[in-house]
Structures are given as structure tokens and as C-alpha cells.
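Fold and contact review
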Amino acid sequence: MRWPWGKQRNTLRLSVRCHDGLFAYVLTDQAQAPDKPLEVLQWGVLRDLPDEPEARAKAIRSLGLHAGEVLALLEPSQYQILKVDTPNVPASELKSAARWLIKELVEVHLDDLTLDVMHVGGDVQRTQRQLFVVAARNAAITELSQTCQSADLSLNVVDSWECALRNVQTVQARADAIPERATAALLMQAEQCLLTISVGGELFFTRRLDGDPRLTARATGHLTPKPLEEAPLGFEYTPGTSLSGLGMGMGEDSEESVLIIELQRSIDLWERSWPELPLARLYLLTAEHGDQLASLMQRELGLRTLAIQLPALFKGIAADADLAQLSECLPLLGAALRQETRAL
């Protein structure tokens, strides 16, 4: 029994990113029914933070963020996520065995890395099981910890963007009544995109892709086509002749998107690797132009594509939110949905 005058547990979770003079944060209340939208109490971005540690800490403290749990996301450049065959060792020895399996795959010395492992697809049964190995730079984790400590924030968990995106698509799939179907999710930002494929809340596939601003311009009708050129004198078109090779392109908006090509390659690979788990849909997580982009991708990929509507999943994210700030906070919204107890 909890006495009414007893100390109440702090149910607030603070999810943060801190890099290159930027501090992004999302404060959520975890004390709610699981079938209700997660309540976002406070969120935003501080830019151009001073390099001097105490001045930076003072700026963060001025936000008045007090939470019972603090979760930080590493930046993608600060860690690698690798897939290897599961070694035939006891579960308690997986991390040690993984160190030797990835030693030729990482960019730095093993002593400079912190590792975490998780089974591809969770407990799915397969002849040859595989592991995701997250290899994070010690220096990045130390810097995050020191920044939080100086700002009077006690860091509890360091997590990855891949798991954060998996969390969002899992909640969306549950809302769409397809929690056990395979779904893909694409987090779109200006320079880099992240693709994940999950089934039943477990991560099966992930890939980082280059962003494609021209795709957004196509989706919104802002891509200016090149003027068509007349055929040179004496030219007679025959089937199979390339007009673009003769300087007669059909316009920029007809050029294939590298992002679409790489997405199709990833989908094809998934279908070959997991034919028993066809993709039900692709979820698009982006701060703006989500519906237009989803419509274009659905036409290009032939896969049902839906833009995730953040106000439906998160109470406190208004439809007229600052889009530049919201873009920086997108992965943090996924981190706020974290359910695991394992920490990196």
C-alpha cells in the first residue's frame, strides 16, 4: 500500500541529444495507460551552445528539466551497428565473443568502444541466428555523461536511433491493428535517412541512407524541370535510343531518386531474406511534407506508405509546431517510447 503522504516516484523521462553546440530535449510523463498517446510535457532545441563546459551547463540548467530518468541518444557518427552470425557461446559470453567477431569491421581500436548486443528479430527461430552489435565510441559516451552531470542530469541510459525508430513504428503498427505484421519505417532528415524493418516490436533490419532533398521538391511540386530540347537536324529516333544521352533529357523531375532506388533495393533484399514476412506498409517519419512524400513513395515503390501523424501518437505535439526544432527532436520521441530495461 502507498500512503498518501509518502514520497511519490518521479515518472518523468527526459530524452536528450547533445552535439556540435546543439541540445535537443523531450520531456515526457510515463505514468499513463499504454493505449493512450504519450504525453510530451516540454520539448525544444538549444542551438549555438558555448564551448565552455560551465556556460553550456548553465544554459541547459536554465530549462528547468527535472526527470526521474534521463535517456541520451548517441549521434549516428558516434557508433556503428553491425550484423554478425550469433556465436555458439552462452548468453553471458555474447558480448565478449562479439568483440572478436567485429574487430575487422570497426573503424577504431576495440578498447575504445563500448558494445551492446541484441538478437536480430528477438527470439525468432532460425537455422542461423544473427546479432546486432552496437559499437559506440567510449569518448562519445563519456562526453554525454559529463554534459548531463554538469547540468545536474543523472544519465541512466544511452540508446541508438535504430531502436528509437523501431519504437515509433511499433506503436504505430499497434495503432493500425497490425502489431505482428512486418513493417518498415523511414526517418527522413536533410542529409541522412534511417530505415528499419520490425516485426512484433523486434528489430530485424536497419540501414542508413543518404538524404535526397530533390525528392521533397518533387513531392511538393517545387522541382523546376529542365526545358526540353529539340532534336538535332538529321536525327531520326529509333526504339532503344537514349534521348538523355543526346542532351534531350525529359526534365529533372523525371530522374530517378537515389533514395527511392536504395529503398527498393532494401525491400527486395528483405523479401528474399524473409519471404514468410511480407511488408505490410512503410511508415514515414518526417517533420514536414509527410503526406506528399508518402504519396510519392507509394507510387514509386508500390508499397502502401503512410506518414506518421505525430499529434495522434504524442499528446503535446501541436500541428503547428516549429518544424526545424521538431526535426531535431524526431529521434527523441522514439527514445521516449523505450520499453527495454537493458542499457548500453
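Calculation notes
- Residues numbered from 1 in each chain as written.
- Predicted model: local features only at pLDDT ≥ 70, side-chain atom pairs only at ≥ 80, totals over all residues.
- Heavy atoms only, no water.
- Helix = DSSP H or I, 4+ residues; strand = E, 2+ residues; numbered from the N terminus.
- Buried < 20%, exposed > 50% of the residue type's maximum accessible area, 1.4 Å probe, protein only.
- Areas by Shrake-Rupley, 256 points an atom, 1.4 Å probe, with all protein chains shown as cover.
- Polar contact = N/O pair within 3.5 Å; in protein donor to acceptor, adjacent residues only side chain to side chain.
- Contact = heavy atoms within 4.5 Å.
- Phe/Tyr/Trp six-rings, centres within 6.5 Å; stacked < 30°, edge-to-face > 60°.
- Pairing = 2+ DSSP bridges.
- Axes fitted to C-alpha atoms, helices over the stretch in contact; angles between N-to-C directions.

Some details on the overall build of the chain
Within the chain, the secondary structure is distributed over nine helices and 14 strands. Residues counted as buried form 47% of the 344 residues belonging to the chain. In the form shown here, the chain has an accessible surface area of approximately 18,300 Å², with 50% of it arising from carbon and sulfur atoms.

Quick word on the side chain of serine 257
With respect to the helices and strands, the residue serine 257 is situated in the loop between α5 (213–219) and α6 (258–273). When its relative accessible area of 3% is taken as the criterion, serine 257 is described as buried. Polar contacts involving the side chain of serine 257 include one to the side chain of aspartate 212, which spans 2.5 Å. A polar contact is formed between the side chain of serine 257 and the backbone nitrogen of leucine 259, at a distance of 3.2 Å. Setting aside residues up to four positions removed in sequence, serine 257 forms contacts with Asp212, Leu215 and Arg218.

Overview of the packing of aromatic side chains
Counted according to the given criterion, the structure contains four aromatic pairs. Here phenylalanine 204 and tryptophan 274 contribute two aromatic rings whose centre-to-centre distance is 5.0 Å and whose plane-to-plane angle is 80 degrees, an arrangement assigned as edge-to-face. Note that phenylalanine 204 is positioned in strand β11 (residues 202–210) and tryptophan 274 in the loop between α6 and β12 (279–285), a separation of 70 residues in sequence. Per residue, the accessibility class of phenylalanine 204 equals that of tryptophan 274, and both read buried.

Observations regarding the pairing of strand β2 (residues 22–29)
For β2, the buried fraction is high: eight of the eight residues fall into the buried class. Two elements, strand β1 (residues 12–19) and β2, share eight bridges in a ladder whose sense is antiparallel. Residue pairing in the sheet places leucine 14 in a bridge with leucine 27 of β2. Between the end of β1 and the start of β2, which pair antiparallel, lie two residues, with aspartate 20 showing a positive phi angle near 50 degrees. Both β2 and strand β3 (residues 38–46) contribute to a ladder of seven bridges, which runs antiparallel.

Looking at the sheet that holds strand β6 (residues 113–119)
Sheets are built from strands that pair by backbone hydrogen bonding, the pairs being arranged parallel or antiparallel. Overall, antiparallel pairing links the three strands, which are arranged β5-β7-β6 in an open sheet. The two strands at the open ends of the sheet, each matched to only one other strand, are β5 (79–85) and β6. Strand-to-strand, the axes of this sheet are offset by a mean angle of 25 degrees, without reference to chain direction. Bridging between β6 and strand β7 (residues 130–137) involves seven bridges; their strand directions are antiparallel. The partner of histidine 119 across the bridge, within β7, is leucine 131.

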